[in-house]
Amino acid sequence: TGLRVVFFTATMATQMTMAPFTPEGPLYAILGGGGMIAIIGAFYALALRQAPHLYDISAVRVAATSKTQELQRSGDVTGILAQQAREGKFKGLRLGFVSRMKMTGPRALIWKELLLQPRTMISFVVLFALVGIMLSLIPALAPNRRGNIGWLLLIMQGTTVFMVTMALAQTGFMEVLRRVDLQKPLPFPPWVTVSAEIVSKSILGIFVCWLGALVAVALRPMLWPHALASGLAIPGFSVMLSACVFLITMLFPDMDDASQRNLRGLMIMLSIAIAGLFPMLAFAGVVALGTPPYVGGFVAGTLSLAIAFGLNVLSGRLYESFNPSE
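Throughout what follows, the structure given in this document is the object of discussion.

Time to look at the overall build of the chain. Of the regular secondary structure elements, the chain holds 14 helices and 0 strands. Along the chain, helices and strands appear, N-terminal first, in the series α-α-α-α-α-α-α-α-α-α-α-α-α-α. Taken across its 326 residues, the chain has 39% of its residues classed as buried.

What follows concerns the side chain of His226. Within the secondary structure, His226 sits in helix 12 (residues 224-251). Not counting the four nearest positions on each side in its chain, His226 is found in contact with Gly150, Trp151, Leu153, Leu154 and Pro293.

For the structure on display, the rule yields 4 aromatic pairs. Here Trp191 and Phe309 contribute two aromatic rings whose centre-to-centre distance is 6.0 Å and whose plane-to-plane angle is 75°, an arrangement assigned as edge-to-face. Of this pair, Trp191 sits in helix 11 (residues 190-219) while Phe309 is found in helix 14 (residues 293-320), placing the two residues 118 residues apart along the sequence. Residue Phe309 is classed as partly exposed on the basis of its relative accessible area, which comes to 48%. Between the aromatic rings of Trp224 and Tyr294, the centroid separation amounts to 5.9 Å while the plane-to-plane angle is 25°, which identifies the pairing as stacked. Taken together, the residues span a long stretch of sequence, with Trp224 in helix 12 and Tyr294 in helix 14 at a distance of 70 residues. Taking the relative accessible area as the measure of exposure, Trp224 reaches 47% and is therefore partly exposed.

One can find Val217 in helix 11. Since its relative accessible area comes to 25%, Val217 is described here as partly exposed. A C-alpha to C-alpha distance of 7.0 Å links Val217 and Ala227, two positions 10 residues apart in sequence. Once you skip the residues sitting within four places of it in the chain, Val217 turns out to touch Leu223, Trp224 and Ala227.

A separate point is the side chain of Asn312. Position of Asn312 among the secondary structure elements: in helix 14. Judged by relative accessible area, which is 7%, Asn312 ranks as buried. Of the polar contacts made by the side chain of Asn312, one reaches the side chain of Ser195; its length is 3.3 Å. If we skip the residues at most four places from it in the chain, Asn312 touches Trp191, Val194, Ser195, Ile198 and Ala243.

On the surface, Trp224, Leu228, Leu232, Val295, Phe298 and Val299 cluster together into a nonpolar patch covering about 510 Å² of accessible area. Going through the elements one at a time, helix 12 and helix 14 are the ones with two or more residues in the nonpolar patch. Among the structural elements, Leu232 can be located in helix 12. By relative accessible area, Leu232 is classed as partly exposed at 34%.

What follows concerns the nonpolar core. Ranked by internal contacts, the top residues of the largest apolar core, which has 32 residues, are Phe173, Ile198, Met240, Phe246 and Tyr319. Elements supplying a minimum of two residues to this core: helix 9 (149-178), helix 11, helix 12, helix 13 (258-288) and helix 14. The element best represented in this core is helix 12, accounting for 12 residues. Setting aside its immediate chain neighbours within four residues, Phe246 contacts Phe173, Val176, Val194, Ile198, Ser315 and Tyr319. Grouped together as the second largest cluster of nonpolar side chains are 8 residues, Ala140, Leu153, Ala216 and Ala227 included.

Cut-offs and rules
- Residues numbered from 1 in each chain as written.
- Predicted model: local features only at pLDDT ≥ 70, side-chain atom pairs only at ≥ 80, totals over all residues.
- Heavy atoms only, no water.
- Helix = DSSP H or I, 4+ residues; strand = E, 2+ residues; numbered from the N terminus.
- Buried < 20%, exposed > 50% of the residue type's maximum accessible area, 1.4 Å probe, protein only.
- Contact = heavy atoms within 4.5 Å.
- Phe/Tyr/Trp six-rings, centres within 6.5 Å; stacked < 30°, edge-to-face > 60°.
- Polar contact = N/O pair within 3.5 Å; in protein donor to acceptor, adjacent residues only side chain to side chain.
- Patch = residues over 30% accessible without salt bridge, like charges linked within 9 Å, V, L, I, M, F, W, Y side chains within 5 Å.
- Areas by Shrake-Rupley, 256 points an atom, 1.4 Å probe, with all protein chains shown as cover.
- Salt bridge = Lys/Arg side-chain N within 4 Å of Asp/Glu carboxyl O.
- Core = buried A, V, L, I, M, F, W, Y, C linked by side-chain atoms within 4.5 Å.

Pasting the structure below:
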């Protein structure tokens, strides 16, 4: 009886169906059919009362959809996530210890990025961390038949930092151009602001590579010279990658032009190839002299930082004269 009361629509439909097979068939047919008709009528009347609001609901949804499509065409990932948050479809992760930190000066710009990345890209952060660990596991678990497994770790570390830094830099620097009117009045030289933005986009790649190197050494301790080499070289290399992306972004800042987006991507890859050639040659030359890999990693990392500093100065001059309305 309790189930019949809870599922009253099914009870009415069952009474109509079983009416020909029961002595009280006509009565059950009238009760079941009448109840179903009453329910249909009540909900139809409720729908008619809401009909005047359908236009407003449709207009709001169309406006939200068109805004999202516009952001997708321009490649504004942060804007898309912000739009989803306003619609209640997205909730980011808040790191309490980061929120409680009190930063001043240029460090506050880096802190701002550490605050925004978990809130807007938590899925990407977790994915990149897992991918970085998995790539570092390849040399740690592979058989060491020719004694070159350590160089495979360096290749995997380079692939990881390239993938992570490029993903964050290309998305993040577009957002930097959008809020240039907000950051330009800050009491910092342009190259300082640019340097803070570049370093902030490099932190995740450095962290993921260091984490992967620690996991690799924990599983295979013999990899420690190459893991240390990557630990010394990765910070400079990541900052240099980020600096290349920012410089080319400032040279081709139009976010809505599809042809310029394609050209910007090609120029970024070309600039990385040119800038990264010198640290790699320096690393190979130092190792060829018979020195340990971590010495080559230190030299390559230092040279990468020097190249990144030069790119930062050029980017700062472009950033100083940049006007988004032109």
